[in-house]
Amino acid sequence: SVPSEPGQGKAHHYEGEHESHVVPIENVRGREAELSVDREGFAVVKHRTDVDFYDERARTTDYEREVEALLKRELGAKKVIVFDHTLRAGDEDTRVQKVVREPVQMVHNDYTARSGPQRLRDLVGDAEADELLKRRMAIFSVWRGNRKPVLSMPLAIADARSIAPEDLVSTERRAKDRVGEIQHMVYNPDQRWSYVPDMQPDEVMLIKCYDSEDGVARFTAHTAFEDPTSPPDAPFRESIETRVFVFW
């Protein structure tokens, strides 16, 4: 797949054959405390911030420190490395004005068993990566609305326990500076989907994209979707996802 460029207002370009399926998506609002990143593969936690995510300096300093502290507290992590932020907007005018991307309406997971460790090597080099990879390592996407409620185009998450290994298809992802690898997903009626509507500014979704540990949720497929229960006058979604390495 070839991603769009931020600010162009255009959708991603995908190569390959794709199918559309109607699936039930369970509203788990009110059951957030039951969710576990090691079981379902995602969780929703509280985190308040005053950072303006469109301010690059604040985003890459103040907010990154906040995310590090949040994951150490919520996950018991010993080390956290923030390495990427992606801002998205459902409105084309906002995408062009703020130079951000569109919500992705394609079931996917951000990393594979190969590309997860490779992304670390790309970032810190082989020598440091060799030492860090002696420990358990995971990659999380820390997803939230951009300082206002998410009333349209929320995220649907596939329960990691309902994803069979053969459901996940490794797919090349091309960017300007490197060729990575993500996972697309083959439809399986056993897959179970959930979402949390009306995400508030002080709520964060932790999505596990890769885990080196066996016996826990390792990959969590997700997608934006058009929620038929969204208010008819709901504002366009604006969101930020922050990708982090987590070590125990």
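Quick look at the structure, then. (Residues numbered from 1 in each chain as written. Predicted model: local features only at pLDDT ≥ 70, side-chain atom pairs only at ≥ 80, totals over all residues. Heavy atoms only, no water.)

**Examining unusual backbone geometry**
Both trends apply: most residues other than glycine have a negative phi, and most peptide bonds are in trans.
And then number 1: For methionine 153, which is not glycine, the phi dihedral falls at a positive 50°.
And then number 2: Position of methionine 153 among the secondary structure elements: in the loop between strand 5 (137-145) and strand 6 (155-158).
And then number 3: Although it is not a glycine, aspartate 198 adopts a positive phi angle of roughly 55°.
And then number 4: Tracing the sequence through the fold places aspartate 198 in the loop between strand 9 (193-195) and strand 10 (203-211).
And then number 5: Among the residues examined, aspartate 198 registers a relative accessible area of 35% and is labelled partly exposed. (Helix = DSSP H or I, 4+ residues; strand = E, 2+ residues; numbered from the N terminus. Buried < 20%, exposed > 50% of the residue type's maximum accessible area, 1.4 Å probe, protein only.)

**Details of empty space enclosed by the protein**
And then number 1: Taken as a whole, this structure holds one cavity of 30 Å³ or more when the rule is applied.
And then number 2: Computed from the structure, the largest cavity encloses a volume of approximately 120 Å³.
And then number 3: Where the lining of the largest cavity is concerned, the elements lending two or more residues are strand 5, strand 11 (222-224) and strand 12 (238-247).
And then number 4: The dominant element in the lining of the largest cavity, judged by the number of residues it contributes, is strand 11, at three residues. (1 Å grid on protein atoms, 1.4 Å probe; cavity = no way out; pocket = protein on both sides within 12 Å on 5 of 7 lines; lining within 4 Å. Points joined across faces, edges and corners; volume = space filled by probe spheres on them.)

**Re the nonpolar core**
And then number 1: Judged by nonpolar contacts, the single largest core of 39 residues is most densely connected at Leu71, Phe140, Val142, Met205, Leu206 and Val244.
And then number 2: Put simply, the parts of the chain that give this core at least two residues each are strand 2 (42-46), helix 1 (56-75), strand 3 (79-89), strand 5, strand 6, strand 10 and strand 12.
And then number 3: In this structure, leucine 206 is in contact with Val37, Gly41, Phe42, Ala43, Val45, Leu71, Glu74, Leu75, Phe140, Ser141 and Val142, ignoring residues within four places of it in sequence. (Core = buried A, V, L, I, M, F, W, Y, C linked by side-chain atoms within 4.5 Å. Contact = heavy atoms within 4.5 Å.)

**Let's talk about the pattern of salt bridges**
And then number 1: Scanning the model with the defined rule gives 27 salt bridges in all.
And then number 2: A salt bridge links glutamate 203 to arginine 29; the shortest N-O distance between them is 2.7 Å. In this pair, glutamate 203 sits in strand 10 while arginine 29 sits in the loop between strand 1 (25-27) and strand 2, placing the two residues 174 residues apart along the sequence.
And then number 3: The shortest N-O distance in the salt bridge between arginine 57 and aspartate 62 comes to 3.6 Å.
And then number 4: Exposure remark for aspartate 62: the relative accessible area of 27% places this residue in the partly exposed category.
And then number 5: Via salt bridges that share partners, Arg39, Glu40, Asp159, Arg161 and Arg192 belong to a single interconnected network. (Salt bridge = Lys/Arg side-chain N within 4 Å of Asp/Glu carboxyl O.)

**Quick notes on the pairing of strand 12**
Where a strand is regular, its side chains alternate between the two sheet faces.
And then number 1: Burial within strand 12 is extensive, with 10 of its 10 residues counted as buried.
And then number 2: Of the two faces of strand 12, both are covered, the one formed by Glu238, Ile240, Thr242, Val244 and Val246 as well as the one formed by Ser239, Glu241, Arg243, Phe245 and Phe247.
And then number 3: Bridging between strand 3 and strand 12 involves 10 bridges; their strand directions are antiparallel. Its bridge partner being in strand 12, valine 80 is matched across the sheet by valine 246.
And then number 4: Two elements, strand 5 and strand 12, share nine bridges in a ladder whose sense is antiparallel. Within strand 12, the residue paired with alanine 138 across the bridge is valine 246. (Pairing = 2+ DSSP bridges.)

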